[in-house]
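Listed here are the chains, written in short residue letters.
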Amino acid sequence: MKTTATHDLVKDSYADMLKDAQEKQSCCTSSPAARLAGYENTEKHGEAAGASFGCGNPLAFAGVEPGDTVLDLGSGAGLDLLLAAERTGPTGQVIGVDMTDEMIAAAQQNAARAGFDNIDVRRGLIEDLPVEDASVDWVISNCVINLSPDKPAVFAELARVMKPGGQFSISDIVVQDLPDWIRDSAAAWSACVAGAISEQDYLQGLRDAGLTEVEVTDRIVYEPSQLRAILCEDIPGLDLEPAMIDALLEEHAGKVWSARFS
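### Section: the pairing of strand 5 (residues 162–175)
Okay, so step 1: Buried residues dominate strand 5, accounting for ten of its 14 residues.
Okay, so step 2: Sheet topology note: the strand 4 (residues 136–142)/strand 5 ladder contains six bridges and is parallel. Residue pairing for strand 5: V136 is matched across the bridge by M162.
Okay, so step 3: As for the winding sense of the linkage, the β-α-β connection from strand 4 through helix 6 (residues 151–161) to strand 5 is right-handed.

### Observations regarding the packing of aromatic side chains
Each aromatic ring pair is specified by the distance between its two centres and by the angle formed by the two planes.
Okay, so step 1: Considering all chains together, one arrives at two aromatic pairs under this definition.
Okay, so step 2: In textbook terms, an aromatic cluster arises when at least three aromatic residues are bridged by ring pairs, as seen for F155, Y202 and F261.

### Thoughts on the nonpolar core
Generally speaking, nonpolar side chains in soluble globular proteins are found buried as a group.
Okay, so step 1: Counting residues in hydrophobic clusters, the biggest one holds 28 residues, and the most contacted among them are L71, V139, F168, L206 and F261.
Okay, so step 2: Elements represented by at least two residues in this core include exactly strand 1 (69–73), strand 2 (93–98), strand 4, helix 6, strand 5, helix 9 (199–208) and strand 7 (256–261).
Okay, so step 3: With residues near it in sequence (within four places) discarded, L71 still touches I95, V97, L129, V131, V136, W138, V139, I140 and V161.
Okay, so step 4: Residues L81, L82, A107 and I119 belong to the second largest nonpolar core, which totals 14 residues.

### Description of the pairing of strand 7
Okay, so step 1: Taken across its six residues, strand 7 has six buried, putting it largely inside the fold.
Okay, so step 2: Judged by which residues are buried, strand 7 turns out to be covered on both faces: V256, S258 and R260 on one side and W257, A259 and F261 on the other are all buried.
Okay, so step 3: For strand 5 and strand 7, the ladder comprises six bridges, and the chain directions are antiparallel. Each bridged residue has a counterpart across the sheet, and for I173 the counterpart in strand 7 is S258.

### A look at the sheet that holds strand 2
Okay, so step 1: Spatially, the seven strands line up as an open sheet ordered 3-2-1-4-5-7-6, and their pairing is mixed. What marks the edges here is a single partner per strand, and that holds for strand 3 (119–123) and strand 6 (216–221). The sheet shows a mean angle of 15 degrees between the axes of neighbouring strands, direction not considered.
Okay, so step 2: Along the sheet, helix 5 (residues 101–114) contacts strand 2 and strand 3; its crossing angle with strand 3, the most-contacted strand, is approximately 170 degrees.

### What about the pattern of salt bridges?
Side chains carrying opposite charge are able to pair once their charged atoms draw close together.
Okay, so step 1: Evaluation of the coordinates by the stated rule reveals seven salt bridges.
Okay, so step 2: As a salt-bridge pair, R123 and D101 come within 2.9 Å of each other at their nearest N and O atoms. In this pair, R123 is assigned in strand 3 and D101 in helix 5, connecting sequence segments 22 residues apart.
Okay, so step 3: Judged by relative accessible area, which is 44%, R123 ranks as partly exposed.
Okay, so step 4: Exposure remark for D101: the relative accessible area of 44% places this residue in the partly exposed category.
Okay, so step 5: D120 is the salt-bridge partner of R122, the closest N and O atoms lying 2.8 Å from each other.
Okay, so step 6: Judged by its relative accessible area of 23%, R122 falls in the partly exposed class.
Okay, so step 7: What makes D120 partly exposed here is its relative accessible area of 29%.

Reading the values: the criteria
- Residues numbered from 1 in each chain as written.
- Predicted model: local features only at pLDDT ≥ 70, side-chain atom pairs only at ≥ 80, totals over all residues.
- Heavy atoms only, no water.
- Buried < 20%, exposed > 50% of the residue type's maximum accessible area, 1.4 Å probe, protein only.
- Helix = DSSP H or I, 4+ residues; strand = E, 2+ residues; numbered from the N terminus.
- Pairing = 2+ DSSP bridges.
- Right-handed = clockwise from strand over helix to strand, strands pointing away.
- Phe/Tyr/Trp six-rings, centres within 6.5 Å; stacked < 30°, edge-to-face > 60°.
- Core = buried A, V, L, I, M, F, W, Y, C linked by side-chain atoms within 4.5 Å.
- Contact = heavy atoms within 4.5 Å.
- Axes fitted to C-alpha atoms, helices over the stretch in contact; angles between N-to-C directions.
- Salt bridge = Lys/Arg side-chain N within 4 Å of Asp/Glu carboxyl O.

Here you go:
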């Protein structure tokens, strides 16, 4: 698995975030991230929910049926894998792909703890999926593709692995515009900000990959308080003055949101 500097940065950051979440979360509480993202009643999947770093719930309106094969791009600690396995039932298959060893181990442990034996977590890049052509009924992803340095490759891989008539449901961060100094911030990549593209570019990228029937089915626009948390807590090392934070919030309020593409 050949990675870029951006991949390595994100991989290390998410390994640290997982360790921090495991130390802070009990097995009986769902994470603020999971609640903000629109998940409900995740208590039974406490450890997976406690290490959820998503920005939406891609399965909220997905029509996953018993017996389906579901692929999760950037499966993390496995919350969406567990939710998908509940929908596919024992006759279906759920595949997770992640590049972070610590996340893969956590997902495997969470799947075993939940009693699912039809979850297969694979090590790999979402730009080069270890998945056969035309083998998947549903592709899901939760706030991961924005982290990729080569989004056209991800979109092409998504199209490659889907069966004829297959479907996808992707939740991701999109931004209307950002200052160059945030775009150039290494830490901001891991915070799902610097690598995010516009909603229009996201749609066009999917269409260029041959996924012509695509639309945005849901949006969660971030409030100023949520943007403040991203700037102050999720992007270490920026060390912004309060006046600069206020100016950024005023300029970019309403221009950063989570969108669901399907």
